[in-house]
Each structure stands twice: as C-alpha cells, then as structure tokens.
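# Topology and contacts: notes
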Amino acid sequence: MGAALTRYRVIAWIVGVVLILLVVIGMPLKYVFDNAVVVETIGPAHGFLYMIYLVAAFDLSRRADWPLKRMLLVMLAGTVPFVSFYAERRVSAWLAAPQEQRAPEPVAR
C-alpha cells in the first residue's frame with residue numbers, strides 16, 4: 001500500500017497546485033483582463049490530471065479498504081482549491097495510524 005499512498009500524495013499535490021494556478025491566476029486573467037490563455041492551457045491539463053487523481057484515490061481506497069463515503073470525499077477533494085492538500089495530510093495521517101485506531105467501531109444492533 002506504500003506505493004499507492006505515494007502515488008496518491010504526489011498527484012494530490014500536483015492537482016492542488018494546478019487548480020490554484022487555474023483559479024487564482026487563470027480565472028482573473030480571463031474574466032477581468034479578457035485574456036483566456038492561462039485558462040485554455042491549464043484548464044485541460046487540470047482535467048487530465050484530475051482523472052489521474054481519481055484513479056490514484058480509487059486505487060488507494062481499495063487497498064486501504066475504505067468505506068464508499070470516505071473514498072468519494074477524497075475524490076471530491078481535488079475539485080476545491082486547497083482541499084486536496086488537507087485531504088492528502090488527513091489520508092497520510094490516517095494510514096500512518098496503527099490498524100487498531102483505523103478500524104471502524106462495531107455498530108451495536
């Protein structure tokens with residue numbers, strides 16, 4: 001699972017940085033200064049990289065045996081600026097915890 005975590009961490013940072021560039025630099029240039037060059041360049045790159053991020057998050061979630069809700073939340077983290085960094089730190093910390101701390105509590109019925 002270590003290689004899957006490394007792949008996820010790398011792509012989470014890349015997607016996060018590209019999304020910040022797109023939102024902080026590209027969008028103001030497009031809508032304030034009427035210059036869409038950055039959006040036209042970085043936008044498709046972010047879309048492609050986000051697909052890789054989804055595959056890496058899915059791979060890691062299957063190896064770590066996450067519930068569907070956690071997997072979906074981690075996948076959505078690549079769509080909001082700065083959230084992919086937070087999710088990457090949370091995922092890394094969660095997977096670094098001993099197995100006993102990670103196991104969900106049994107449901108009393």
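Once a new chain begins, its residue numbering starts again from 1 and follows that chain's sequence as written. Given that this is a predicted model, residues contribute local features only at a pLDDT of at least 70 and side-chain atom pairs are listed and counted only at 80 or more, while totals for whole chains, interfaces and linings are drawn from all residues. Side-chain metrics in this entry use all non-hydrogen atoms of the structure; hydrogen atoms and water are not considered.

Turning to the UniProt feature "transmembrane region" (unreviewed entry) in the chain, a few remarks are in order. UniProt positions are given in the numbering used here, feature names are shortened, and annotations may be inferred rather than shown by experiment. Residues given the UniProt feature "transmembrane region" (unreviewed entry) here are residues 12-31, 37-58 and 70-87. The way it works is that DSSP assigns letters per residue, a run of H or I at least four long becomes a helix, a run of E at least two long becomes a strand, and they are numbered from the N terminus. Here residues 12-31 is 100% helix and 0% strand, with 27 Å between the C-alpha atoms at its ends. With 100% helix and 0% strand, residues 37-58 has its two end C-alpha atoms placed 32 Å apart.

The angle between two axes is taken between their N-to-C directions and runs from 0 to 180 degrees, where each axis is a line fitted to C-alpha atoms and a helix contributes only its stretch in contact. One way to put it is that helix H1 (residues 2-31) packs onto helix H4 (residues 83-96) with a least axis distance of 8 Å and a crossing angle of 165°. On the basis of their axis angle, the class for H1 and H4 is roughly antiparallel. For H1 against H4, the interelement crossing comes out left-handed. Residues Leu5, Tyr8, Arg9, Ala12, Trp13, Gly16, Val17 and Ile20 of H1 form the contact with H4, whose own contacting residues are Ser84, Phe85, Ala87, Glu88, Arg89, Val91, Ser92 and Leu95. Throughout this description, any angle smaller than 35 degrees is read as roughly parallel, any larger than 145 degrees as roughly antiparallel, any in the 65 to 115 degree range as roughly perpendicular, and the remainder as oblique. Here is the rule for handedness: rotate from the far helix to the near one, and if that takes an anticlockwise turn smaller than a right angle the crossing is left-handed, while a clockwise turn gives right-handed. Residues count as neighbours in contact if any of their non-hydrogen atoms are within 4.5 Å of one another.

A pair of packed helices can be characterised by two numbers: the angle between their axes and the separation between those axes. The geometry of H1 relative to helix H2 (residues 37-64) is characterised by a closest axis approach of 8 Å and an angle of 155° between their N-to-C directions. One finds that H1 runs roughly antiparallel with respect to H2. Crossing geometry of H1 relative to H2 is assigned as left-handed. A class-by-class count of the residues in the contact of H1 with H2 yields 24 nonpolar, three polar and four charged. Each residue gets one label: Ala, Val, Leu, Ile, Met, Phe, Trp, Tyr, Cys and Pro are nonpolar, Asp, Glu, Lys and Arg are charged, and the others, such as Gly, are polar.

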